[in-house]
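# Analysis of the macromolecular model
Okay, here's what each chain looks like letter by letter:
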Amino acid sequence: MRTPPRLLARTLTVTFVMVAVILTVVFVVITLDVRDRVRAAETDKLRVSENVFSALENKRQQDQVAAMATLAEHPTLKAALDTYFTERRFSGSSDEQLRATVTGETAKLATQTPADVLAVVETDGRIFTSAGPAAWRWPVGTSVDIPGGAQPVFQSVAVLPGGAFRVTGARLTFGDRAIGALVAGTSLDGNYAQELSNLSTAGVVITVNGAVVARTVPDQVARDLVASRASGGTVTLNAEEYAVRPMLFSGPARIFMLTSVDAAARTATRDALLALAMIAFGSVLLAALGSFWLARQVSEPINRVSGEIATMTAAREFDRTLELSGTSRELDALTTAFNDLIRSLDAAEAETRAAYLGSIRALAAALDARDPYTAGHSERVSTLSVMMGRVMNLPPKEIEVLRLGALLHDIGKIGVSDQILRKNGPLTTEEFEQIKRHPALGARILRQVPFLASHLPIVELHHERPDGRGYPFGLRGEDIPLAARIVHVADAFDAMTSARAYRAARGSSEAFAELQRFSGTQFDSVCVEALLAAIPSANDIEEPALAQLLGRQLVTHH
Amino acid sequence: MSIGARNSVLFAAAVLGLMATAGTHPAAQERGSVRGRVSIGIPVTAKRATSTYSRNVPTVTLAPESELRHVVVYLKDAPRTAAPAMHAEIRQRNENFVPRVVAVTVGSTVDFPNDDPIYHNVFSLSRTKTFDLGRFPKGKSRGERFDKPGVVKVFCQIHSHMSATVMVFDHPWFTVPDEGGTFELPNVPAGTHQITAWHERLGDTTMELRVEPGRSDTIDFVLPVPAQP
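What you are looking at is a predicted structure, and each value in this text was computed from that prediction instead of being measured. (Residues numbered from 1 in each chain as written. Chains lettered and ligands numbered in written order. Predicted model: local features only at pLDDT ≥ 70, side-chain atom pairs only at ≥ 80, totals over all residues.)

On to the overall build of chain B, then. In terms of regular secondary structure, chain B is built from one helix and 17 strands. For chain B, the residues scored as buried account for 33% of the 229 residues in total. At a minimum sequence separation of 6, the contacts of chain B that also span at least 24 residues come to 62%. (Helix = DSSP H or I, 4+ residues; strand = E, 2+ residues; numbered from the N terminus. Buried ≥ 20, exposed ≤ 12 C-beta atoms within 10 Å, placed from the backbone. Contact = placed C-beta atoms within 7 Å.)

As structure tokens, this is what we get:
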């Protein structure tokens, strides 16, 4: 048969399963429902931050326009440029000193703008001079087409052979007379994309004529963006959802800002799941502790009660009751039922014992009755032994053993012939040997009854003597069990105070004297003392009460 | 007074002038005068220089009349000829140079009086004459003498939108048209000449004209309208 699981294991299993089910449900809810909410919230957040950035970017562009308008009023630059053109037109030759002046002033101004290049463009669109880090991409003399470049101030995108530039410019004028334009260009390259990205905290993709020229997002995302031809909204790029916002659509150039909604939601969801994991860990721990405590609360008293029962069973003490644990009504009911069971078993056993005792007593009485002289002998020895045992403060159990053992002490005489038992006169040695066999015989008979195992020593050894001259083994002193010594003294006392076919009964005081005389040799001295104490008025043995107690009247009056 | 009538008067005056000089100067016989009109607007074919009659076709005027004051008509290939020094004036008024264009002979002086209640500055970076008159307040005037022929751009360092042009010639054959665009170059040596109408902004138009001695030839200029922004 399979061993059933421990209560603790079962409780823990149930608890863990429940917690796991709850957590699974919560996890599903979070990943399905909360993810959507997070996504919506993140999209809103992105829109807000993009609006803020757009406003800032617009402001920045306005500032740039204003700055360019201011720079375009540089008197020396304008004067030199106008003089240069006027002279070239008038005389056909140009003053390189004036060109150098313009170039020098432009270079100075270039250091004051964050742009990659600052250029002076002639009215016919040719680059007069350029300065700044990207000036090499604006070679002098090259024609550059700036959409909207004829406006007093303008912003657009210019595509040069060296790359596309976002330009902000202002015309150089005297009244309504334009002599050229001052143009600040920002290269639409990785640096600019990175700068925009840093400011907007979004990804940036720059395309010119549909080709990606700069990006701060993975290549595949940028390519998908171009392929999608999207100009805004939510677009799926490289299997992720992106919020796309057009930042600049100017000429052939497009600047997109894009943010992965999934990535943002992922962070928030991860945070939520992390919190959930903490809660899960905590609840599992609490549930484990709780169920452990509960299981212990239930199993410990059960273990205690079953341990007690095991102890009781091992010691065969069924006379005491189990205490109620008070931990649970069910366990107390079980304990009470057990106690009731023990009590009823006790009662049944007592009944059985009584029946046994009755039969044994009847057997003993029948035995005694074989010889009129020994009638009631077993009962008297039993009563005497019990009295002595009480004087010696023996435990009740041993008293009971004493009572029954004494009753049966001469059971072996069943195998001794009546002829010898009733022989009126001294026994021959042979006859006496036969008599001496009765303890061993009695023991052999009683060995058949396990119930009487503890009484065996009394039956077998009640003729041993402290001086070792007893039979059947000749044991000495303390080697002889106390019960056997007690019965030995009681037997002798009763035998002496009883009449025999060959002699009259002696008085109890005479018997006492006899016992005391052989105390320590034939009789155990402690037992003799006990007998004396058990019969306080031993000197007045004729007293009726004692006589009755001893059951002597049967003998004395017959 | 109609343009035709005025032209007749001018023509009469020119004839009188020619007659007056004819007797005193032997070379006078070989001189003629050039008259004409400058307009700004849609380009039309210039009248043939040899045309014997004047054709006055009203033209669409696309620029304010005052723009015509910014035109200088001159003989482009004129030989170096001494001419008396002149005295011209460019005022600074309402943050503008008035007039914006003056034409003078070599050795002339141009004064720059300040009429504005604010400081102005007058400077030039031109090869012909580089100067800086510094800053001066209302009521003050500073002058500059121009000893070399050429074009001189004048600016104000304080007000970067202000500009003026001084054209310095080493001959007397130049003029600024009146507000109607009419001009006359008298005593032009007979022969074929390149005549230029120069405008500070609209560029210049040069035409060839054969000047007959003792005659007044007519040439009309139409300066192109600048590309509208």
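Time to look at the packing of helix H14 (residues 482-496) of chain A against helix H16 (residues 525-534) of chain A. Relative orientation and spacing of two packed helices are given, respectively, by the angle between their axes and the distance between those axes. Residues and elements named next belong to chain A. It is at 9 Å that the axes of H14 and H16 come closest, and there the two elements cross at 55°. Looking at the two axes, H14 sits oblique to H16. As for the relative orientation of H14 and H16, their crossing is right-handed in sense. Across the interface between the two elements, Arg-485, Ile-486, Val-489, Ala-490 and Phe-493 from H14 touch Cys-527, Val-528 and Leu-531 from H16. When the residues that make up the contact of H14 with H16 are grouped by side-chain class, the tally is seven nonpolar, no polar and one charged. (Axes fitted to C-alpha atoms, helices over the stretch in contact; angles between N-to-C directions. Parallel < 35°, antiparallel > 145°, perpendicular 65-115°, else oblique. Left-handed = near helix turned anticlockwise from the far one by under 90°. Nonpolar A, V, L, I, M, F, W, Y, C, P; charged D, E, K, R; others polar.)

Now for the nonpolar core. Core analysis: the largest hydrophobic core is formed by 108 residues, its most contacted members being Leu-182, Val-204, Ile-206 and Leu-258 of chain A together with Val-73 and Val-166 of chain B. Take this core: its biggest share by element is six residues, from strand S4 (residues 163-174) of chain A. Filtering out sequence-adjacent residues up to four positions away, Ile-206 of chain A remains in contact with Leu-188, Ala-193, Val-213, Ala-214, Ala-253 and Ile-255 of chain A. Counting residues in hydrophobic clusters, the runner-up holds 40 residues, among them Ala-364, Leu-367, Leu-407 and Ile-458 of chain A. (Core = buried A, V, L, I, M, F, W, Y, C linked by C-beta atoms within 7 Å.)

Sheet strands pair via backbone hydrogen bonds, and the direction of the pair is either parallel or antiparallel. Residue and element names in this part refer to chain B. Spatial ordering of the open sheet is given by S13-S2-S15-S16, a layout of four strands whose pairing is antiparallel. Two strands bound the open sheet, and with one partner strand each, they are strand S13 (174-175) and strand S16 (203-211). Pairing of strand S2 (residues 71-75) with S13, which is carried by two bridges, proceeds in the antiparallel orientation. The residue of S13 that forms the bridge with Val-73 is Thr-175. (Pairing = 2+ DSSP bridges.)

With 20 residues of chain A at the contact, the number on the chain B side is 16 residues. Among the elements that line the side of chain A that touches chain B, the one with the most residues is helix H2 (residues 75-91) of chain A, at eleven residues. Residues belonging to the side of chain A that touches chain B are distributed by class as follows: seven nonpolar, six polar and seven charged.

Residue and element names in this part refer to chain A. Spatially, S7-S6-S10-S9-S8 is the arrangement adopted by the five strands of the open sheet, whose pairing is antiparallel. If you trace the sheet from one side to the other, it starts and ends with strand S7 (211-215) and strand S8 (233-237), each paired once. Taken pair by pair, the neighbouring strands of this sheet meet at an average axis angle of 35°, ignoring direction. Of the pairings in the sheet, the one linking S8 to strand S9 (residues 240-250) comprises five bridges and is antiparallel in character. Looking at S9, one finds that Thr-236 is bridged to Glu-241. Strands in contact with helix H5 (residues 219-228) are strand S6 (203-208), S7, S8, S9 and strand S10 (253-260); relative to S8, the strand with the most contacts, it is inclined by about 120°.

Residue and element names in this part refer to chain B. Of the residues in chain B, 74% reach a pLDDT of 70 or more, and the chain-wide mean stands at 78. In the model, residues 1-28 has pLDDT below 50 throughout and makes 17 contacts with residues more than four positions away in sequence or in other chains. Taken together, the stretch residues 42-61 has pLDDT below 50 and engages in 27 contacts with residues farther than four places along the chain or on a different chain. Across the whole predicted complex the pTM is 0.57, and at the interface the ipTM reaches 0.75. (pLDDT = per-residue confidence, 0-100.)

Turning next to the environment of Val-157 of chain A. Residue and element names in this part refer to chain A. Take Val-157: it is sitting in strand S3 (residues 153-160). Given 24 C-beta atoms within 10 Å, Val-157 falls into the buried group. Taking the C-alpha atoms as reference, Val-157 lies 9.2 Å from Thr-186; in sequence the two are 29 residues apart.

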